[in-house]
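# Structural overview
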There are 2 protein chains.
Amino acid sequence: MVRYKAIIAYDGTNFSGFQSQINGRTVQDELEKTLSKIANQKIKINGSGRTDAGVHALGQVIDFAWPVKRPLEKLRFALDTQTSADIAVKQIELVEDSFHSRYLAKEKTYEFRVDIGKARSPFRRFYSSYYRYELDLGRIRRALPDFLGSHDFTSFCSIKSEVNNKKRTIYEAKMEVNDTGDELLFTFRGDGFLYNMVRIMVGTLLKIGNGRISEDAIPQIIAACDRSLAGPTAHPEGLYLKEVKYE
Amino acid sequence: MVRYKAIIAYDGTNFSGFQSQINGRTVQDELEKTLSKIANQKIKINGSGRTDAGVHALGQVIDFAWPVKRPLEKLRFALDTQTSADIAVKQIELVEDSFHSRYLAKEKTYEFRVDIGKARSPFRRFYSSYYRYELDLGRIRRALPDFLGSHDFTSFCSIKSEVNNKKRTIYEAKMEVNDTGDELLFTFRGDGFLYNMVRIMVGTLLKIGNGRISEDAIPQIIAACDRSLAGPTAHPEGLYLKEVKYE
């Protein structure tokens, strides 16, 4: 047996998330079904982490054991073309048997897109979260650096999470505006993210931009370890898992 | 009665084209249904031209007579929010009664997107035409200027067209490559375009890029007035009606 690592992209619109579940179409099921067909035996995959229904990936990482070495590009092409059109297999490489895409992930980058056009773009309705209210982008820019560093992010984690250690380190937190001024692109890079963390961070930042949370409130919200003090969970369609890094 | 002109965008994926037809969901039907509901009487629209099933619009222009003057932003908002999410109403203005979005159009701009990534992007599957073969972009760049100027474009028009005068003038024909090098963006600006013209131009340019048509062949193909000499009709999902200009 050998082990392969693959970088995949998917449009999360028509998936009930990444991870296998009893009901609903998932990315994991789709990949395992295709891999098992190609290998002619049952193949299971690991992913770097789950993504929720409607959430997209530009660079999700998976790994799987495979019966025998194959030319990389042939395997990539077979997997890419035999999975449905909403999954792309961008890259594939041979890794050590000890590789594990979830346990060994050192850094993740997420993007979050917000459509702020006067009329919601038909082309972004599944790919950007629409925000229809007034926004002072200066307030958001001033608040963003308060997420940097190591903190207990309990306030920015779904209460449904069962993780015990909620300390995470954020290396980068930035916002860009597109050329036409009608879409925001947030980027968050850190050693890991809690359940719904990016979506709650964005929901809080939008509320800060709209003036309903003070622009210097983030340190207090973090310190309180109380989910109810942060903003709402932004919609899944704006969220993209962009990159996962390993040692 | 007053007359309004509106600029609309739509995602053509789930439409059987712009123009009303007996079967299938169309942009015109969707707009007329919503306008008639708001006005509480039957409203008919003119469009600057048809778009085929799957073809998108960033700046289609329509016009319609309306019983009584209304605040522009209120009308825009009502129309934008009451049409389905794949249509956006970007702008609305009062025009003279004599305005007609098709007859008075002076210039149109189309974009055509081609996904040339090694793995087809899941996010572009309805928004960019995928081309999986080798492309020499230099060949395409050198061929593009041959479309400029006034020509009889019979060779670049569907044989189903019933238009008699096939002379059109192209003011601009260019190709850009995106930052990541995996998508081409063609732009064509002219006084008008024949049925399938942009799609046949792109289909021909891709065949030139792939080496199966000579890079200096366009003048001869134009001169022959023979559709069979041009390349295939590129797929509809890459095509966008970007802008329509009036005097």
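Residues numbered from 1 in each chain as written. Chains lettered and ligands numbered in written order. Predicted model: local features only at pLDDT ≥ 70, side-chain atom pairs only at ≥ 80, totals over all residues. Heavy atoms only, no water.

As a further point, take the overall build of chain A. Within chain A, the secondary structure is distributed over 5 helices and 10 strands. Here the C-alpha radius of gyration of chain A, 19 Å, is about what a compact globule of 247 residues would show, namely 18 Å. In terms of overall dimensions, chain A has C-alpha extents of about 60 × 40 × 35 Å along its principal axes. If you take every contact in chain A between residues at least 6 apart in sequence, the share linking residues at least 24 apart comes to 71%. Counting only carbon and sulfur atoms, one obtains 48% of the accessible surface of chain A, whose full area is about 11,400 Å². Distance between charge centres in chain A, computed from 37 positive and 32 negative side chains, equals 3 Å. (Helix = DSSP H or I, 4+ residues; strand = E, 2+ residues; numbered from the N terminus. Rg over C-alpha atoms; globule rule 2.2 N^0.38 Å. Contact = heavy atoms within 4.5 Å. Areas by Shrake-Rupley, 256 points an atom, 1.4 Å probe, with all protein chains shown as cover. Lys, Arg positive; Asp, Glu negative; His and termini not counted. Charge placed at Lys NZ, Arg CZ, Asp CG, Glu CD.)

This next bit is on the interface of chain B and chain A. Listed by partner, the interface residues are 24 residues for chain B and 24 residues for chain A. Carbon and sulfur atoms supply 63% of the area that chain B and chain A bury against each other, a total of about 1,800 Å² over both sides. Where chain B meets chain A, there are 2 salt bridges. Between Arg125 of chain A and Asp11 of chain B there is a salt bridge; the shortest N-O distance is 2.7 Å. (Buried area = accessible area lost by both parts, 1.4 Å probe. Salt bridge = Lys/Arg side-chain N within 4 Å of Asp/Glu carboxyl O.)

Residues and elements named next belong to chain A. The feature "binding site: substrate" (unreviewed entry), as annotated in UniProt, sits at Tyr110 in this numbering. For Tyr110, the location among the structural elements is in strand E5 (residues 105-115). Overall, Tyr110 belongs to the buried group, its relative accessible area being 9%. Those residues in contact with Tyr110 that sit more than four places away from it in its chain are Phe186, Thr187, Phe188, Phe193, Val198, Leu239, Tyr240, Leu241 and Lys242. (UniProt positions renumbered as here; feature names shortened; annotations may be inferred. Buried < 20%, exposed > 50% of the residue type's maximum accessible area, 1.4 Å probe, protein only.)

All names here are of chain B. Strand direction decides the pairing type here: strand E7 (residues 149-152) and strand E8 (residues 167-177), joined by 4 bridges, are antiparallel. Directly across from His151, in E8, lies its bridge partner Arg168. Turn length for the E8-strand E9 (residues 183-190) hairpin, with the two strands adjacent in sequence and antiparallel, is 5 residues, and the turn residue Gly181 shows positive phi of about 70°. (Pairing = 2+ DSSP bridges.)

Below, the discussion takes up the relation of the copies chain B and chain A. Relating one copy of the chain to the other requires a rotation about an axis plus a shift along that axis. Superposition of chain B onto chain A requires a rotation of 180° combined with a translation of 0.0 Å along the rotation axis, giving an RMSD of 0.0 Å. Overall, the copies show the geometry of a two-fold rotation axis. Distance from the rotation axis, computed per C-alpha, reaches its smallest value in chain B at Phe123 of chain B: 5.2 Å. The overlap is high: 100% of the interface residues of chain B also sit at the interface in chain A, so the same surface is used on both sides. (Least-squares fit on C-alpha atoms with pLDDT ≥ 70 in both.)

All names here are of chain B. Note on placement: Ser101 falls in the loop between strand E4 (87-95) and strand E5 (107-115). With sequence-adjacent residues up to four places away left out, Ser101 is seen in contact with Asn46, Gly47, Ser48, Val61, Ile62, Asp63 and Tyr246. In terms of polar contacts, Ser101 uses its side chain to reach the backbone carbonyl oxygen of Asn46, at 3.2 Å. (Polar contact = N/O pair within 3.5 Å; in protein donor to acceptor, adjacent residues only side chain to side chain.)

Glancing now at the environment of Val114 of chain A. All names here are of chain A. Mapped onto the secondary structure, Val114 falls in strand E5. When its relative accessible area of 0% is taken as the criterion, Val114 is described as buried. In this structure the C-alpha to C-alpha distance between Val114 and Asn40, which are 74 residues apart in sequence, comes to 43 Å.

This part takes up helix H2 (residues 72-82) of chain A. Those residues of H2 of chain A that sit buried are Leu75, Arg76, Ala78, Leu79 and Asp80 of chain A. Close packing links the buried residues of H2 of chain A with strand E1 (2-10), helix H1 (27-39), strand E3 (56-66) and strand E4 (87-95) of chain A.

All names here are of chain A. Summarizing the sequence annotation, UniProt attributes the feature "active site" (unreviewed entry) to Asp52 in the numbering used throughout. Assignment of secondary structure puts Asp52 in the loop between strand E2 (45-47) and E3. Under the relative-accessibility criterion, Asp52 is labelled partly exposed at 24%. Each residue touching Asp52, except ones within four places of it in the same chain, is listed here: Gly17, Tyr195, Asn196 and Arg199.

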